[in-house]
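# Results of the structural survey
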Amino acid sequence: MPWFVKIETGIVNKKIFDQYVPEHKKYVQALINQGHQAKTGYWGDYGGGMLLFKATSLEEAETIVKKDPLIVNNCVKYELHQWCIVVE
């Protein structure tokens, strides 16, 4: 399965954003349990973050991203890209 990355930027204040972080973390754990090898985190030097995960296609990746609680609750804007690994 190819890797995909959702690069996100927050669009709500921290108080609102933080309300959805626990739900987002549960969602990512569910992705891990389903075999998507998901990882999530935030940028240390400025707002925003990233979700890295495997999916069978761009269409599946888009479906996964659209179900993320941070997207569902309009907390972030995002870009979705396939990540092509050159060296492991």
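Residues numbered from 1 in each chain as written. Predicted model: local features only at pLDDT ≥ 70, side-chain atom pairs only at ≥ 80, totals over all residues. Heavy atoms only, no water.

Strand order in the open sheet made by the 4 strands is S2-S3-S1-S4, with antiparallel pairing throughout. With partners counted over all chains shown, the strands left at the sheet margins are strand S2 (39-42) and strand S4 (76-83), one partner each. Going across the sheet, the axis of each strand differs from the next one's by a mean of 15°, ignoring polarity. In the sheet, S2 pairs with strand S3 (residues 49-54) via 4 bridges, with the strands oriented antiparallel. Bridge pairing in S3 links Lys-39 to Leu-52. Those strands touched by helix H2 (residues 58-66) are strand S1 (3-10), S3 and S4, and its axis lies near 155° from that of S4. (Pairing = 2+ DSSP bridges. Helix = DSSP H or I, 4+ residues; strand = E, 2+ residues; numbered from the N terminus. Axes fitted to C-alpha atoms, helices over the stretch in contact; angles between N-to-C directions. Contact = heavy atoms within 4.5 Å.)

Along H2, the residues that are buried comprise Ala-61, Ile-64 and Val-65. All buried residues of H2 lie within an arc of 95° about the axis, which places them on one face of the element. Exposed and facing more than 90 degrees away from the buried side of H2 are Glu-59 and Lys-66. Those residues of H2 hidden inside the fold are in contact with S1, helix H1 (14-33), S3, helix H3 (69-72) and S4. (Buried < 20%, exposed > 50% of the residue type's maximum accessible area, 1.4 Å probe, protein only. Arc of directions from axis to C-beta.)

It is worth spelling out the side chain of His-24 at this point. With respect to the helices and strands, the residue His-24 is situated in helix H1. Not counting residues up to four positions away in its chain, the partners in contact with His-24 are Thr-40, Asp-68, Pro-69 and Leu-70.

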